[in-house]
Amino acid sequence: MGSRNLNKFAILISLFIVSTILPSFSTSISNDITPPTGIILFIGDGTGFEHIELARLVEYGPVGGSAILELPYQGSVSTTNIDGFTTDSAASATAIATGVKTTNGRIAMNFDASMDLTTILEIAQDNGYATGVVATCHLTHATPAAFMAHDPARGNYQEIAEDISNASVDVLLGGGSSTSYLGNYISGMESEGYSYITNKTELNSTTTGSILGLFTSVSLTPMYLKNETSAEPSLLEMTQKAIELLNSTMKPFFLMIEASQIDWGSHDNDAVYTALEAIEFEKSVRYAKGLAEQDANLQLLVTADHETGGLDVDEYDFLTELPLDTDDFETRKNKRIARVGEVSVSWLHGGHTMREVILAGMGPNTQKILDATHHIDTFSIMREVIDGKTGPVQINAYEGHVNWFVVGFISILGVAAILTAVLTWIKTKRK
Ligand SMILES: [Zn+2]
């Protein structure tokens, strides 16, 4: 390697280290953005581009369109955690919710759990927004938790439940009435003014006020196991009601909606489970997209926390006709299940991957999607709409962090350099 090449090499290494060790953040105030009617953030847990494609093929056929892929702004973002490794749902939800990369397992706390990180939901509340969280898992699970709670470990469900009970979120819809999750806090929340509801009928008749809707003891029934008489609302029904309730407050609102179980179907490499959850996700986005088309001030964002399973859609040969809105519940479900069987898919494994995920949307600040490279940028897009600033609230959240990936990389380079020097010295000695 000549000295000029060596210089280039050194510059490249320095750039790599600077960009990896020192994650960039800037708290700057932007130009005026029209104040939003609301921000709706959809997160498909474990949902890669191929999950969206599988749902599209099954529900609408090869020439049909996915509402997610038809959003006017489309981009992709990295989901890696603070050390540059594969993320879990806690670290990625923390990145989306707070604009800070962290260690796997943390719930809205920084890498060494020395600092609570202000979430986008809290920023929205501080700016007079009504807020809501909807999920198909128990609400103490990592993704919803990272918007409302602060804890060093995602498994500390009681501490997380206590945080959620004190978070003053106006609309909470999902699972988790067991005392292992939110159960011990329900009566306290009722005395704080929440209406507690447990089924679809009660949800339908609710038109105003703070709502705690826990429809199962743990998580909602997967779509492929549900039947027509189920008392549980679907993700679409929860989405519709949450938006209605938040709109009724006459305030701007922030709403996070998670399709939690696309991830679980993918961990099982179960295409039917995965596809039917992904279809419900797409239907919910389709509904919100319809609203955003009527309201230019509604900020809609759709993303995933990470990809799960390394799913690839290979080929398809459909014999079963398309599911129709006019079909009854069972017919529609059975058509979907049959059509998933007519698509050949492959999975890499049963874990999370480092594949980039979609970030798509429409609304006041959506053109920024084109510049977004990581989930911390998803946070900034939302924050800018609310208070005109970008970057996290805790700008010192990375202080003291050692990036072990970079340390390992530099160590290997160092050992290689020493070996080369020793070998060269031996060679010259022999001559
Ligand atoms: Zn997962």
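The structure we're discussing is the one just above.
Caption draft 1: Here's a closer look at unusual backbone geometry. The backbone of Ala-108 shows a phi angle near 50°, a positive value even though the residue is not glycine. Accessibility expressed as a relative area gives 0% for Ala-108, which makes it buried.

Caption draft 2: Local environment of the coordination of the zinc ion. At this site the zinc ion is bound by Asp-263 (OD), Asp-263 (OD), His-267 (NE2) and His-352 (NE2), with donor distances of 2.1 to 2.5 Å. One way to put it: the four donor atoms around the zinc ion meet at angles of 56 to 151°, and that makes the site irregular. Each donor residue of the zinc ion lies on the same chain, and together they follow the pattern D-x3-H-x84-H. Within this pair, whereas Asp-263 is found in helix 10 (residues 262-267), its partner His-352 is found in strand 12 (residues 352-353), the two being separated by 89 residues in sequence. For His-352, a relative accessible area of 19% gives the class buried.

Caption draft 3: Looking closely at empty space enclosed by the protein. Taken as a whole and judged by the stated rule, the model has two cavities of 30 Å³ or more. Computed from the structure, the largest cavity encloses a volume of approximately 90 Å³. Forming the walls of the largest cavity are Thr-136, Leu-220, Thr-221, Met-223, Lys-226, Pro-233, Ser-234, Leu-235, Ala-259, Gln-261, Glu-277 and Glu-280. Taken together, the residues of the lining of the largest cavity break down into five nonpolar, four polar and three charged. Around the second largest cavity, the lining residues are Thr-47, His-51, Ile-52, Ala-55, Ile-68, Ala-278, Phe-281 and Glu-282. When contributions to the lining of the second largest cavity are tallied by element, the ones reaching two or more residues are helix 2 (49-60) and helix 11 (271-294). By residue class, the composition of the lining of the second largest cavity is five nonpolar, two polar and one charged.

Caption draft 4: Spotlight on the nonpolar core. Ranked by size, the top nonpolar core spans 51 residues in total, and within it Ile-40, Phe-42, Leu-173, Leu-255 and Phe-281 carry the most contacts. Sort the elements by how many residues they give to this core and helix 11 lands first, with nine residues. Ala-135, Cys-137, Phe-147 and Tyr-185 belong to the second largest nonpolar core, which has 50 residues in total.

Caption draft 5: Seen up close, the sheet that holds strand 7 (residues 253-259). Taken together, nine strands build an open sheet; the order of strands is 2-13-8-1-7-3-4-6-5 and the sheet is mixed. Either end of the sheet is taken by a strand with one partner, and the two such strands are strand 2 (73-77) and strand 5 (195-197). Each strand axis lies, on average, 10° off the axis of its neighbour in the sheet, ignoring direction. Pairing analysis gives six bridges linking strand 3 (residues 130-138) to strand 7, with the strands arranged parallel.

Caption draft 6: Spatial organisation of the packing of aromatic side chains. Taken as a whole and assessed by the stated rule, the structure comprises five aromatic pairs. For the pair Phe-42 and Phe-281, a centre-to-centre distance of 6.1 Å together with 70° between the ring planes defines the contact as edge-to-face. With Phe-42 in strand 1 (residues 38-44) and Phe-281 in helix 11, the pair connects residues that are 239 residues apart, well separated along the chain. Looking at Phe-281, the relative accessible area reads 2%, which means it is buried. When the ring of Tyr-157 is compared with that of Tyr-181, the centres are 5.1 Å apart and the planes differ by 70°; the resulting orientation is edge-to-face. Residue Tyr-157 is located in helix 6 (residues 157-165), and its partner Tyr-181 is located in the loop between strand 4 (171-175) and helix 7 (186-191); the two are separated by 24 residues in the primary sequence. A residue is classified by how much of its surface remains accessible, and Tyr-181, at 15% relative accessible area, is buried. When the ring centre of Phe-318 is taken as origin, the NZ or CZ atom of Arg-339, which lies over that ring, is 3.9 Å away.

Caption draft 7: The arrangement of the side chain of Arg-336 in detail. On the secondary structure map, Arg-336 appears in helix 12 (residues 329-340). If sequence neighbours within four positions are ignored, Arg-336 has contacts with Val-58, Glu-59, Leu-276, Ile-279, Lys-283 and Pro-323.

Caption draft 8: Expanded view of the environment of Ala-91. By the element assignment, Ala-91 lies in helix 3 (residues 89-98). Ala-91 sits in the buried class, given a relative accessible area of 3%. When the C-alpha atoms of Ala-91 and Leu-245 are compared, they prove to be 30 Å apart, with 154 residues separating the residues in sequence. Those residues in contact with Ala-91 that lie beyond four places of it in its chain are Asn-81, Thr-102, Thr-103, Asn-104, Gly-105 and Arg-106.

Caption draft 9: Just the packing of helix 2 against helix 12, in detail. Interaxial distance between helix 2 and helix 12 falls to 9 Å at its minimum, and their mutual angle equals 125°. On the basis of the axis angle, helix 2 is oblique to helix 12. Crossing of helix 2 over helix 12 shows right-handed handedness. Where helix 2 approaches helix 12, its residues Leu-57, Val-58 and Glu-59 are matched on the opposing element by Arg-336, Arg-339 and Val-340. Split by residue class, the contact of helix 2 with helix 12 holds three nonpolar, no polar and three charged.

Caption draft 10: A look at a nonpolar patch on the surface. Taken together, the side chains of Ile-418, Val-422, Leu-423, Trp-425 and Ile-426 make up a nonpolar region of the molecular surface, amounting to roughly 500 Å² of accessible area. Along the chain, Ile-426 turns up in helix 14 (residues 404-430). Since its relative accessible area comes to 32%, Ile-426 is described here as partly exposed.

Caption draft 11: Just the pattern of salt bridges, in detail. Counting across every chain of the model gives 15 salt bridges. Between Glu-59 and Arg-336 there is a salt bridge; the shortest N-O distance is 2.7 Å. Residue Glu-59 is found in helix 2, and its partner Arg-336 is found in helix 12; the two are separated by 277 residues along the sequence. Here the two residues Glu-59 and Arg-336 agree in accessibility, since each one is buried.

Caption draft 12: Representation of the layout of surface pockets in the model. Taken as a whole, the second largest pocket holds about 400 Å³ of empty space. Along the wall of the second largest pocket there are 18 residues; nearest its centre are Met-223, Ser-234, Glu-280, Phe-329 and Arg-332. Among the elements of the structure, helix 9 (235-247), helix 11 and helix 12 are those that each provide at least two residues to the lining of the second largest pocket. Examining the composition of the lining of the second largest pocket, we find that four residues originate from one element, helix 12, more than from any other. Classifying every residue of the lining of the second largest pocket gives four nonpolar, three polar and 11 charged.

The rules behind these values
- Residues numbered from 1 in each chain as written.
- Predicted model: local features only at pLDDT ≥ 70, side-chain atom pairs only at ≥ 80, totals over all residues.
- Heavy atoms only, no water.
- Buried < 20%, exposed > 50% of the residue type's maximum accessible area, 1.4 Å probe, protein only.
- Donors = N, O, S within 2.8 Å, 3.2 Å for Na, K, Ca; no water.
- Tetrahedral: all angles 85-135°; square planar, octahedral: opposite > 155°, others 65-115°.
- Helix = DSSP H or I, 4+ residues; strand = E, 2+ residues; numbered from the N terminus.
- 1 Å grid on protein atoms, 1.4 Å probe; cavity = no way out; pocket = protein on both sides within 12 Å on 5 of 7 lines; lining within 4 Å.
- Points joined across faces, edges and corners; volume = space filled by probe spheres on them.
- Nonpolar A, V, L, I, M, F, W, Y, C, P; charged D, E, K, R; others polar.
- Core = buried A, V, L, I, M, F, W, Y, C linked by side-chain atoms within 4.5 Å.
- Pairing = 2+ DSSP bridges.
- Axes fitted to C-alpha atoms, helices over the stretch in contact; angles between N-to-C directions.
- Phe/Tyr/Trp six-rings, centres within 6.5 Å; stacked < 30°, edge-to-face > 60°.
- Lys NZ or Arg CZ within 6 Å of the ring centre and 35° of its normal.
- Contact = heavy atoms within 4.5 Å.
- Parallel < 35°, antiparallel > 145°, perpendicular 65-115°, else oblique.
- Left-handed = near helix turned anticlockwise from the far one by under 90°.
- Patch = residues over 30% accessible without salt bridge, like charges linked within 9 Å, V, L, I, M, F, W, Y side chains within 5 Å.
- Areas by Shrake-Rupley, 256 points an atom, 1.4 Å probe, with all protein chains shown as cover.
- Salt bridge = Lys/Arg side-chain N within 4 Å of Asp/Glu carboxyl O.

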